[in-house]
There are 2 protein chains.
Amino acid sequence: MLQNELKLRRDKIRALMAQRGIDAALITCNVNLIYTYGRVVSGYLYLPLQAPAQLFVKRPNNLAGEYVRPIRKPEQLPDLLKECGLALPARLMLEGDELSYNEYGRLAACFPEAEVLPCGTELIRRARSVKTEMEVELFRRSGAAHARAYAQIPSVYKPGMTDRQLSIEIERLMRLEGCLGIFRVFGRSMEIFMGSVLTGNNAAAPSPYDFALGGEGLDDSLPGGANGTLLQAGQSVMVDLGGNFYGYMCDMSRVYSIGHLPQKAYDAHQACLEAQAEVTALAKPGVTGEALYQKAVEVVEKAGFADYFMGIGQKAKFVGHGIGLEINESPVLAPRMKQELEPGMVFALEPKIVLPEIGPVGIENSWAVTSDGVEKLTQAPEEIVSLN
Amino acid sequence: MLQNELKLRRDKIRALMAQRGIDAALITCNVNLIYTYGRVVSGYLYLPLQAPAQLFVKRPNNLAGEYVRPIRKPEQLPDLLKECGLALPARLMLEGDELSYNEYGRLAACFPEAEVLPCGTELIRRARSVKTEMEVELFRRSGAAHARAYAQIPSVYKPGMTDRQLSIEIERLMRLEGCLGIFRVFGRSMEIFMGSVLTGNNAAAPSPYDFALGGEGLDDSLPGGANGTLLQAGQSVMVDLGGNFYGYMCDMSRVYSIGHLPQKAYDAHQACLEAQAEVTALAKPGVTGEALYQKAVEVVEKAGFADYFMGIGQKAKFVGHGIGLEINESPVLAPRMKQELEPGMVFALEPKIVLPEIGPVGIENSWAVTSDGVEKLTQAPEEIVSLN
């Protein structure tokens, strides 16, 4: 079963390689090894176009199998390939957006006769953007576990808490439901612990990261998310933690209130729910990320909240993003995104509004694209929940 | 004060640049920005040899200052440098072990007249390996917070817990003491959530990562650490979480027991304490990482535990490692490491032994190198603590 699944994934990559005349891929970055081999190893998966994939592994030292061989250093690769009866590649792709410049150079130098191309990341991410049925099922289970953790949030709130203290209790709930904790992001710039809990004006604090909302954070070495603000009556709290239960980054936000909020907070929240409803009614194979973004903007503008949509001083320039082994995959729901939805794509849709002196409202769910629409993966009540 | 500190750090990098005839560095990776600018931004710190550093920032959009300018994309850098009255570089260094191959190429292409060198990571990491007094002080505070969290471990243990459940409660204690949670590792291969809690035979399970001990983990997408083992009488539990309270990765391990352990566990633990005592008695400026490693091996061999030192089937090939903004810095205490200790270096020393059917014992503390010895940064009892 798992072997068939891995074959399916590898063949998706092979199909893209064939289009570009690439006859082999050398895969060594963790998320791509999870995708193509089913687990993290320290080593290399050599994926030829026309032969079975071969794993060369440094660690762990207890893996075995017909297509598994030990390796100490990449310079052994050509000899090991010959021992396996494999021809050396003519056009080899490496993970050019993930390997460091120096490591890329070292790996490329192992194949002096080959034309080496840095498009591995791009092609594998394209293959990863359309999930298999097994991957969608792992997302369904993640969404259910994520929802179970959030359902317990009111039980851990205590008056007088800060955003940081509430965040810690929610992190624990997530971990107890099975969250692995680790939050994988593509690219070197964006870092976050398990997610963010934002209240009051901290939701408008600009951060260096390209997440939907910012937050000052607790230290300049990680300037995003909770900043120690006391949770106060009349303010909202948005909980947006990553739900990595099986390697897949499920994404879900819900809003809580400390007591009752001013009416405009409920109006703005409703505008976000309407944006979600209209965007997901439109979403199906063939629709572009740009069209979905414009629909969300249209709904929020009509409701009169355009100035507060996706932040205030520094706004996020998207309303949704593909999710998978990393939190930021294809497709992106943003201006100028001409990529069309395909069945099997999974994305988070997060129309959010930040209201000065109140805080963030809105919604985020994870969705899988079906043959004729979308399926909600994170089933949970969507209204603002009062914590006391 | 902070400006003086940052000047000190930048001048350490400049001194290394001068030795190699490099006249500017372009710094854009998060840990190096924390080091040279004091915080994470999305942008570029341009560090000339002979002029003040200049920050070009994409996000956040609320930074200001004499040497701060907004930027949208790196291709603007040459024009922006000219606007600042800075000459274009002749020999420019980039972070070649941290930037991806594709991003490195994009940045290098912005400076077609310059000789671009990929040694930025190496030089900045060398500068970072010798901490300033302020950095050592942040480590002292981290060590104290780390020790406060571990002191509460007996209070969260409940009979019938698994390693995973105990880990979750300790993670919460660490977070409540101020741990930022995020665990920064140099390189793309090693991933971990907040650290590891290992008990029984799981401590001997080989993992893909080059941490001191392995563990099976809870999912193949993160195969290290706790695996859901029930904590059982007669077995040991090693707690080894990262202590990132101010950006600096403090490192500390302590051992607990469920009831009483077989005598050889206490003997092996004592051998590790002796190894720590002898290694730290030897440690001072001028001593090599190799000499310290050999001393640890010598003590453990004499005690009869060589076969179990640093793991069983798959052994770690070091007994200590530099720590700083990342968990794996210079120096490394391992065979063939000729690098000598210098005042200001900070390292973790972790002699550990894994006993079949019992689990891991040993110790880990963080140490700062002084002018004539070492200072312990993680002050806490070191004996095995029984949890019931």
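Residues numbered from 1 in each chain as written. Chains lettered and ligands numbered in written order. Predicted model: local features only at pLDDT ≥ 70, side-chain atom pairs only at ≥ 80, totals over all residues. Heavy atoms only, no water.

> Please set out the relation of the copies chain B and chain A residue by residue, giving values where relevant.
After a rotation of 180° and a shift along the axis of 0.0 Å, chain B superposes on chain A with an RMSD of 0.0 Å. Within this description, the copies of the chain are treated as partners about a two-fold rotation axis. The overlap is high: 100% of the interface residues of chain B also sit at the interface in chain A, so the same surface is used on both sides. (Least-squares fit on C-alpha atoms with pLDDT ≥ 70 in both. Contact = heavy atoms within 4.5 Å.)

> Talk me through helix α9 (residues 263-282) of chain B; I want residue IDs and the actual numbers.
Spanning 20 residues, α9 of chain B covers 29 Å between terminal C-alpha atoms, matching the ideal 28 Å at 1.5 Å per step. Regarding α9 of chain B, the residues found buried are A265, A268, H269, A271, C272, L273, A275, Q276, V279 and T280 of chain B. (Helix = DSSP H or I, 4+ residues; strand = E, 2+ residues; numbered from the N terminus. Expected span 1.5 Å × (residues − 1). Buried < 20%, exposed > 50% of the residue type's maximum accessible area, 1.4 Å probe, protein only.)

> So what's going on with the nonpolar core? Which residues, and what values?
In terms of nonpolar packing, the biggest core is built from 92 residues, with M93 of chain A together with M93 of chain B touching the most fellow members. Setting aside chain neighbours within four positions, we find M93 of chain B in contact with I13, M17, I22, A24, A25, L26, L117, C119, G120, L123 and I124 of chain B. Membership of the second largest hydrophobic core comes to 50 residues, among which are V156, F245 and L387 of chain A together with M194 of chain B. (Core = buried A, V, L, I, M, F, W, Y, C linked by side-chain atoms within 4.5 Å.)

> Give a description of the interface of chain B and chain A that names residues and reports values.
Interface size is often expressed as the accessible area that is lost when the parts come together. Residue-level contacts link 58 residues of chain B with 58 residues of chain A. A buried area of about 5100 Å², summed over both sides, lies between chain B and chain A, and 53% of it is on carbon and sulfur atoms. Run the count over chain B and chain A and you get 10 salt bridges. The shortest N-O distance in the salt bridge between R175 of chain B and E171 of chain A comes to 2.7 Å. Applying the counting rule to chain B against chain A returns 36 residue pairs in polar contact (both at pLDDT 80 or more). Secondary-structure elements contributing two or more residues to the side of chain B that touches chain A are α2 (30-37), α4 (101-109) and α8 (163-176) of chain B. For the side of chain B that touches chain A, the element with the most residues is α8 of chain B, which contributes eight residues. For the side of chain B that touches chain A, the residue count by class is 24 nonpolar, 18 polar and 16 charged. (Buried area = accessible area lost by both parts, 1.4 Å probe. Salt bridge = Lys/Arg side-chain N within 4 Å of Asp/Glu carboxyl O. Polar contact = N/O pair within 3.5 Å; in protein donor to acceptor, adjacent residues only side chain to side chain. Nonpolar A, V, L, I, M, F, W, Y, C, P; charged D, E, K, R; others polar.)

> Explain the sheet that holds strand β10 (residues 320-322) of chain B to me, using residue names and the numbers behind them.
Residues and elements named next belong to chain B. An order of β11-β10-β12-β15-β16 is seen for the five strands of this open sheet, with the pairing classed as antiparallel. Across the chains shown, the open sheet's two edge strands, defined by having one partner strand only, are β11 (329-333) and β16 (374-376). Between one strand axis and the next, the sheet turns through 25° on average, direction left out of account. (Pairing = 2+ DSSP bridges. Axes fitted to C-alpha atoms, helices over the stretch in contact; angles between N-to-C directions.)

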